[in-house]
Amino acid sequence: MTNGGQRYLVVDMCCHKEIILLEGPLVLDNARKGITTNKINPTFLRFVMPLDISESTETGLNITEQNLVNIGGWEATAVMQNDGSVFLTPECLLKKEFSGTLEMPRINYKYNGRKHRYFYAMSVFTPHCDDHLMKCDNITKTGITWFEEGCTPSEPVFVERPGATEEDDGIILSTVINKDPNKSVYLLILDAKTFKELARAEVEAQFTVRGVTQSLTKFNHIVSAVT
């Protein structure tokens, strides 16, 4: 991105302190048995790397030990070291009480590589909160949630409304597993602005938290009607 004539490489990441294999905890049998894990505890971080680094600032002072990120309101820093390397300190994109167990973030990919405000994520199989989806605001560093008791949603997918002019003008799709094997799984459709439910399509199909393994013909009709 470019700000004030300066170019920056901005990388938003979902970071863990230790290596985990999500495919282990995230299986249907574990969901229905109520098996949880304490290992999913990521932090959403933003790293900012200046691309136009000169030998001095505009005032002629040496830039060593100075923050090279000059973007108003951003907390990430990039500091030139004596050996010529640049040390990056990230900015947390969510307050701790909101980011505790979220994973698999998505954005409106029209804004991929551009400045964006919102991302969407899921939280499942954690012992201290209900499985849920969250719309996250990286300016206020807060979020709003959707959840339904006894259900486990998949990673949310943003679909833009035709003709949309705002970043969050569209819908969120998520396949939802019911932990009761006698109840149907369904495709959930949320208003991306309000995170309120617009529709759902119950179907007999084989789901995982990563998606559906059978035809989406029924779903396509419903999504077309909503959008």
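Relevant structure appears above.
Because the structure is a prediction, the values reported are computed rather than measured.

A word on the overall build of the protein chain
Along its length, the protein chain carries three helices and 17 strands. A buried classification covers 41% of the 227 residues belonging to the protein chain. Pairs at least 24 residues apart make up 53% of the contacts formed inside the protein chain by residues separated by at least 6 positions. Roughly 12600 Å² of accessible area belongs to the protein chain as shown, and the carbon and sulfur atoms make up 50% of that amount.

Quick notes on the pairing of strand 14 (residues 185–191)
Remember that side chains alternate between the two faces of the sheet whenever the strand is regular. Among the seven residues of strand 14, six are classified as buried, and the element is accordingly described as predominantly covered. Pairing analysis gives six bridges linking strand 13 (residues 170–178) to strand 14, with the strands arranged antiparallel. Across the sheet, residue Val176 finds its bridge partner in strand 14, namely Tyr186. Linking strand 13 back to strand 14 in an antiparallel pair, the connection comprises six residues.

Comments concerning a nonpolar patch on the surface
Together, Leu9, Val11, Met13 and Leu51 make up an exposed nonpolar region whose accessible area comes to about 330 Å². Relative to the helices and strands, Leu51 resides in the loop between strand 3 (43–50) and strand 4 (77–80). Since its relative accessible area comes to 43%, Leu51 is described here as partly exposed.

Some words on the layout of surface pockets
Roughly 460 Å³ of internal volume is contained in the largest pocket. Lining the largest pocket we find 22 residues, and of these Val10, Asp12, Ile107, Asn112 and His116 sit closest to its centre. If you list the elements that add at least two residues to the lining of the largest pocket, you get strand 2 (6–15), strand 3 and strand 7 (103–106). With six residues, strand 2 is the largest single contributor of residues to the lining of the largest pocket. Its residues placed into classes, the lining of the largest pocket shows 14 nonpolar, three polar and five charged.

Focus: the pattern of salt bridges
Counted by the stated rule, this structure contains twelve salt bridges. As a salt-bridge pair, Arg7 and Asp52 come within 2.9 Å of each other at their nearest N and O atoms. Taken together, the positions of Arg7 in strand 2 and Asp52 in the loop between strand 3 and strand 4 put the pair 45 residues apart, joining distant regions of the chain. Judged by its relative accessible area of 42%, Arg7 falls in the partly exposed class. Asp52 gets classed as partly exposed once you look at its relative accessible area, which sits at 33%. In this structure, Lys135 engages Asp168 in a salt bridge whose closest nitrogen and oxygen atoms are separated by 2.7 Å. Of this pair, Lys135 sits in strand 9 (residues 132–137) while Asp168 sits in the loop between strand 12 (157–160) and strand 13, and the two are 33 residues apart along the sequence. Of the two residues, Lys135 and Asp168, both sit in the buried class. The structure contains a network of salt bridges with shared partners spanning Lys135, Glu166, Asp168 and Lys193.

Reading the values: rules and limits
Residues numbered from 1 in each chain as written. Predicted model: local features only at pLDDT ≥ 70, side-chain atom pairs only at ≥ 80, totals over all residues. Heavy atoms only, no water. Helix = DSSP H or I, 4+ residues; strand = E, 2+ residues; numbered from the N terminus. Buried < 20%, exposed > 50% of the residue type's maximum accessible area, 1.4 Å probe, protein only. Contact = heavy atoms within 4.5 Å. Areas by Shrake-Rupley, 256 points an atom, 1.4 Å probe, with all protein chains shown as cover. Pairing = 2+ DSSP bridges. Patch = residues over 30% accessible without salt bridge, like charges linked within 9 Å, V, L, I, M, F, W, Y side chains within 5 Å. Salt bridge = Lys/Arg side-chain N within 4 Å of Asp/Glu carboxyl O. 1 Å grid on protein atoms, 1.4 Å probe; cavity = no way out; pocket = protein on both sides within 12 Å on 5 of 7 lines; lining within 4 Å. Points joined across faces, edges and corners; volume = space filled by probe spheres on them. Nonpolar A, V, L, I, M, F, W, Y, C, P; charged D, E, K, R; others polar.

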